[in-house]
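So you can see what is in the structure, the chains are spelled out below.
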Amino acid sequence: MKDTQKAGVFSIGLVRGLIAMLIGFLTGAAFVSLIRLILGLSVWTWNPSGNQFGFAESAWVVGAIFGAIAFMLGVGVLSDWLKWMNGQQTAEHPADAFASGWKRYLSVSFDHKAIGVQYGVTSIVVIGLAGIFALIFRTELAQPGMQLLTLERYNTIMSLHGIVMIVGILLGVGAMSNYLVPLMIGANDMAFPRLNAFAYWINVPAAVILLSSYFLGGFDTGWTGYPPLSAKAPLGMDMFFLGVYFAGLSSILGSLNVIATTIRLRAKGMHYFRMPIFVWTALATAVIGLTATQLIGLSFQMVLFERVFGMGFFAPDKGGNPILFQHLFWFYSHPAVYVFVLTGLGVISELLPVFARKPLFGYRWVALSSFGIALVGFLVWAHHMFTSGMSPYLRIPFMYSTLLVAVPTGVKFFSWVATIWEGKLSFETPMLFVLGAISIFLLGGLSGPPNATVATDLHLQDTYWIVGHFHATMFGGFVFPFFAAIYYWFPKITGRMYNEKLGKLHFFLMLPGFYIQSLSQMQAGLLGMRRRIGDYDPALGINLQQLLITIAAFVIFFSVVIAVVNLIYSARRGPIAASNPWRSRSPEFMLPSPIPQHNYEHAFEVVGEPYDYGIAGAYVSIDPDRYIAKEEEQPAAGGAVTSPTGATTD
Amino acid sequence: MSTAQSEPVKNRRVLIASSHPLFGQGLRSLLQERQTAGVEVVGMVSNLEEALQALDQLDPDLIIVDYDDKKLNRDEFLARFVEGEKKLRVVLLSLQSAQEAIVYDRRTLAAAQIDDWLEEWTFTEDSSRLAAQRGKFETIMDHRRTFMKNRLQKATHLLIAGFLVVIVTALLIFGMDYIRLLPTAASAQAEPIDQLFHLEFKVIAFLFSLIVVFMLYSIIVFRRKRGDTTDAEHIEGSTNLEVAWTVAPLATVLVFAYLGGSALAATVAPAPKPLRVEVIGKQWNWSFVYPDYGVISDKLYLPVDKQAVLLLRSDDVIHSFWVPEFRVKQDALPGGQDFVRELRVTPTQLGEFKVRCAELCGAQHTYMESPVLVVAQTDFDAWLTKEAGLSDDPVERGQKWSTTFGCASCHSIDGTKIVGPSWKDLCEGQATLADGSVIPVDENYLRESILNPNAKIVQGFAAGIMPQQFIDPVSKKPITDQQISDIIAYMNSICR
């Protein structure tokens, strides 16, 4: 093993990065403290209850920024760029520090599949953490009165649940795009491998900074961080802003990469309308991520400047306007919802034809509907602000634009149903999650219009109905499809098969758990339960619903634990997987499992449609002369995806 | 063609014949991945002799032969196949042509089975050549029959599913009547909103049923049969359908947008001469000012069936005014006059409700709730008179001023020490000051203590806490002599 030659924990990129981050933080904090010392300002105060945590606020902020940069240096993502600056040459595609093993994933790798796995594992860890936050405050909410937490702790944990989940979802979206897009379009890597690694690794300091907010007084604003409340919040607020800022940077750079890859690296013959449908959604997602994320970064940066430099963008007493923040914030944060769900919807569209043995109904319509959703998504942000006190007349146009989202979304639903109608359905775990996702996303979608029609939204705004609504869209649009994707591509990633029984157990616990949770949330909200409160009035008559939500939350968490155990165990001990266990036509299933390091040794040409189940003919073909000469070790795969043995088994 | 289904579960034994070892290996892993249980590769042979030997020894059900392999004498092999009687299948596979395989199937049929088999065999697509021999006319009739049968089948599926959608929708709508979905509607504004709600719930029930019933129907009816590895019919899509389900939702949402707009208009429609109430949120309580009557209160009193215009603002962060029974909601913004927002409410039901802050506003956000009392007009007038300090009784007026000016938040009337001395202590008739001197409590002392609080400090209390000047929060004028007299009268009344 080559690994043993580089023994020691310091050979692991993550370890080096974290140490560098600490040094960077101290350097930055010391730098600001020195300036403060020269100016005669206080440098060190320790009084946690009074929101004083040693260094001054400005020192913490600069320290965190220095820390993030130092992490990137320490982990080694910047090495090649620094070499270029010095006029040095590097390899076209840089080699990984470790060729294989778990250390590979804890160090910088430039292989899009390794980065995809890094994104995915980080996503599950981060989502699990956010889930634990949810369990803590759900336990508090199981009955009226305060039993477990103080109101301040409740606010911090509830806010962290929101933003940590969002970061986790963004990581999950990154995992799917990174792993699948190059494979599906016949590329051997992303267009910019170094940028890809950078975009992943910046998430680590982002997560560390974000979570540090818990120990720095927390923040009590929810993930929306509305000023003036956020301008007055404890030090944790700054860490929240910086954490989201860096995670947003990752989103922008990752999106850039996906767009460039899709435009430039498609295989011969792969026109846009011949791409597997997932690529369309990944592309639409990337367009949103590239163009909208700046706004949330900007809005948080402006509040940060209010706090650190005393500026007054949103402070009325300094001539600012608190509503302006909400416009900037939601201009990103609404399209962001589609960043979370579009790739998930892509997974649904991608898997349905495989398990129904029937072409995707209305491929072009489904493909374009993703862009329809993305475009309309940019015109609807103010529907989060119907009661905010913006100009009243603005509510009407935003109501119309918001309701328009139903049109492209409807196209997807109807096309999905038409795809499985008269199909030949089989129900392996991925398919179960896909079907579950459709029904849940349907619930989320249908609970949307009452929020869009302004009159009813006057009642629903800031209630648990909204909580139920967006949990349904997130579960249906991300969580279920994400698990479907993990189970579906698991054999391609690990070369082994997951345990089908545990997979089904996971599904049959999660689906009813979710329905009970979401429907109870909606009912509680209609009856008067507000969002983001640590205690509620028993007079509302929602005690039972609250208890049910809590129980359901634990069931969902338990089911995810089963999934994680299944995945970890199967990755090491599961049965060896075949190259194409689902009889998919998608090009990545032509490759052996696990996929070799540089994907396609021979470029292929696309000669057919991606979902032509039911008629003969291949989707992609590899030049037979070159193929047979070099690839004798894989005779069974043949030139075409439909293998001859397919016809022989009874 | 799956006669295997009726047989007892037994592993089907497969023999692979090829001199090319990779052919066998690849095929073997392919068979294993297919996961159809009960396939067992019993042997792999590389020449004819071995194959013939294996035929006797291993007793396979299926032999897969490499079509391209010159080392296997295919003709002789097939001759042996024709001679045999035992049930056996042979498949000839070629690597060169990836599409087709040749299948030889040898089995013995009972007399009764032969008819079935013939019928099944005649109607399969593969046998079109034989059908042609039976005459062109029959073929056409056959095709037409299957076509009609298919169409009928398709229509039946659609019809049944459509029928189920209607039933499920009806059940859902019927069931929703038995679930508590909305709190009592206690305002005129709630009426158009609830109408829209109920319409939307019905449409949601329909659309949910539409998709879910079709899905469940597919899951149950169109599930793959065991062992069936064929694909479904190749249907790519239908532009007509896509256009239909683009236009229909578009029309629906436009209708709802229109309805939403009219309902909104109904909720903001002004009535003549509404009651004006300033609602001020601050961390973490509400106060309510009736500017036309000079009244401030920590409870929101509203006369029934009269529109109130709530003028909302905040002293610190963003709050949101929401009484669930009134349905309507509006944020209260900091920033002074430019940021005052209005909300119209016409209570229609007597009773006590609660205004609940709906925008996260810090630690105590949860408990930022204040009572809302909807009373009859006469009761409201009586309350206003009392609260406005218009009562004839100076004690009642004094009690009112003690809350208006915030006295009560520092001075208790039951002897409890809050920030300042309790007014109950005044009943002793004398007070011990910080320097130890004892002075009598009289009207002059009390008046001085209100106007110039730091002149005489009672022992055990700090100076500089009480405001130097009291401003009436409603009229914005300094406290008057009359008001001070009223407060003193109230103080005296405590001792009685």
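Keep in mind the model is a prediction, meaning the values are calculated, not measured.

Participant: How should the sheet that holds strand E14 (residues 351–356) of chain B be read in this particular structure?
Facilitator: In a beta sheet, neighbouring strands pair by backbone hydrogen bonds and run either parallel or antiparallel. Residue and element names in this part refer to chain B. The strand order across the open sheet built from three strands is E9-E15-E14, with neighbouring strands paired in mixed fashion. If you trace the sheet from one side to the other, it starts and ends with strand E9 (300–303) and E14, each paired once. Recorded for the sheet is a direction-independent mean angle of 30 degrees between the axes of neighbouring strands. In this structure, E14 lies alongside strand E15 (residues 369–375), joined through six bridges in antiparallel fashion. Its bridge partner lying in E15, Lys354 is registered against Pro371. Sitting on the sheet, helix H9 (residues 377–387) is in contact with E9 and E15, with an inclination near 135 degrees to E9.

Participant: Even after reading the chapter, I still don't get the sheet that holds strand E3 (residues 62–66) of chain B, so can you show me in this structure?
Facilitator: Residues and elements named next belong to chain B. The five strands lie next to each other as E2-E1-E3-E4-E5, forming an open sheet whose pairing is mixed. Edge positions in the sheet fall to strand E2 (39–45) and strand E5 (101–106), since each of these pairs with one other strand and no more. When strand polarity is set aside, the average angle formed by the axes of neighbouring strands in this sheet is 20 degrees. Both E3 and strand E4 (residues 88–93) contribute to a ladder of five bridges, which runs parallel. Paired with Val65 across the two strands is Leu92, which belongs to E4.

Participant: How should I be thinking about the pairing of E4(B) in this particular structure?
Facilitator: Put simply, side chains in a regular strand alternate between the two faces of the sheet. Across six bridges, the pairing between E4(B) and E5(B) is antiparallel. Bridge pairing in E5(B) links B:Arg89 to B:Asp105.

Participant: Any chance you could explain unusual backbone geometry here in plain terms?
Facilitator: What you tend to see is this: most non-glycine residues have negative phi, and most peptide bonds are trans. Cis peptide bonds are those with omega within 30 degrees of zero, and the linkage from A:Pro227 to A:Pro228 qualifies with 5 degrees. Tracing the backbone shows A:Pro228 in the loop between helix H8 (203–212) and helix H9 (229–232). In this model, B:Gln283 is joined to B:Trp284 through a cis peptide bond whose omega is -10 degrees. Summarising the element assignment, B:Trp284 is placed in the loop between strand E6 (275–282) and strand E7 (285–290). Even without being glycine, A:Glu422 reaches a positive phi, approximately 60 degrees. Among the structural elements, A:Glu422 can be located in the loop between helix H15 (406–420) and helix H16 (429–446). Backbone geometry places A:Arg583, a non-glycine residue, at a positive phi of 55 degrees. With respect to the helices, strands and loops of the structure, A:Arg583 is situated in the loop between helix H21 (543–573) and strand E3 (605–606).

Participant: Help me out: how do you make sense of the confidence of the model for chain B in this one?
Facilitator: A low pLDDT score tells you not to read the predicted coordinates there in detail. All names here are of chain B. For chain B, the average pLDDT comes to 84, and 90% of its residues sit at 70 or higher. In this model residues 1–8 is a low-confidence stretch, pLDDT under 50, and it forms three contacts with partners more than four residues away in sequence or in other chains. If you check the scores for this complex, the pTM reads 0.80 and the ipTM reads 0.90.

Participant: Can you walk me through the nonpolar core in this structure?
Facilitator: A general tendency of soluble globular proteins is for nonpolar side chains to be buried together. Membership of the largest hydrophobic core comes to 278 residues, with the highest contact counts inside it found for A:Val167, A:Trp201, A:Leu351, A:Val417, A:Val434 and A:Ala484. No other element matches helix H6 (residues 151–185) of chain A, which puts 22 residues into this core. Counting 20 residues, the second-largest nonpolar core is a separate cluster that includes B:Val14, B:Leu27, B:Leu31 and B:Leu55.

Participant: Would you mind going over the packing of H6(A) against helix H12 (residues 322–356) of chain A with me for this structure?
Facilitator: Two packed helices can be described by the angle between their axes and the distance between those axes. All names here are of chain A. One can describe the packing of H6 onto H12 by two numbers: an axis separation of 9 Å at closest approach and a directional angle of 40 degrees. Taken together, H6 and H12 sit at an angle that is classed as oblique. With respect to the hand of their crossing, H6 and H12 are arranged in left-handed fashion. Each of Ile169, Val173, Met176 and Ser177 in H6 lies in contact with H12, whose residues at this interface are Val339, Phe340, Thr343 and Val347.

Participant: In this structure, what is going on with the environment of B:Leu333? I would like to understand it.
Facilitator: Mapped onto the elements, B:Leu333 comes out in the loop between strand E12 (329–332) and strand E13 (341–345). Each C-alpha atom, one on B:Leu333 and one on B:Ile318, is 5.0 Å from the other, the two residues being 15 residues apart in sequence. Contacts of B:Leu333, omitting those with residues within four sequence positions, involve A:Pro322, A:Gly389, B:Arg313, B:Ser314, B:Ile318, B:Phe339 and B:Arg341.

Parameters at a glance
- Residues numbered from 1 in each chain as written.
- Chains lettered and ligands numbered in written order.
- Predicted model: local features only at pLDDT ≥ 70, side-chain atom pairs only at ≥ 80, totals over all residues.
- Pairing = 2+ DSSP bridges.
- Helix = DSSP H or I, 4+ residues; strand = E, 2+ residues; numbered from the N terminus.
- Axes fitted to C-alpha atoms, helices over the stretch in contact; angles between N-to-C directions.
- Contact = placed C-beta atoms within 7 Å.
- pLDDT = per-residue confidence, 0-100.
- Core = buried A, V, L, I, M, F, W, Y, C linked by C-beta atoms within 7 Å.
- Buried ≥ 20, exposed ≤ 12 C-beta atoms within 10 Å, placed from the backbone.
- Parallel < 35°, antiparallel > 145°, perpendicular 65-115°, else oblique.
- Left-handed = near helix turned anticlockwise from the far one by under 90°.

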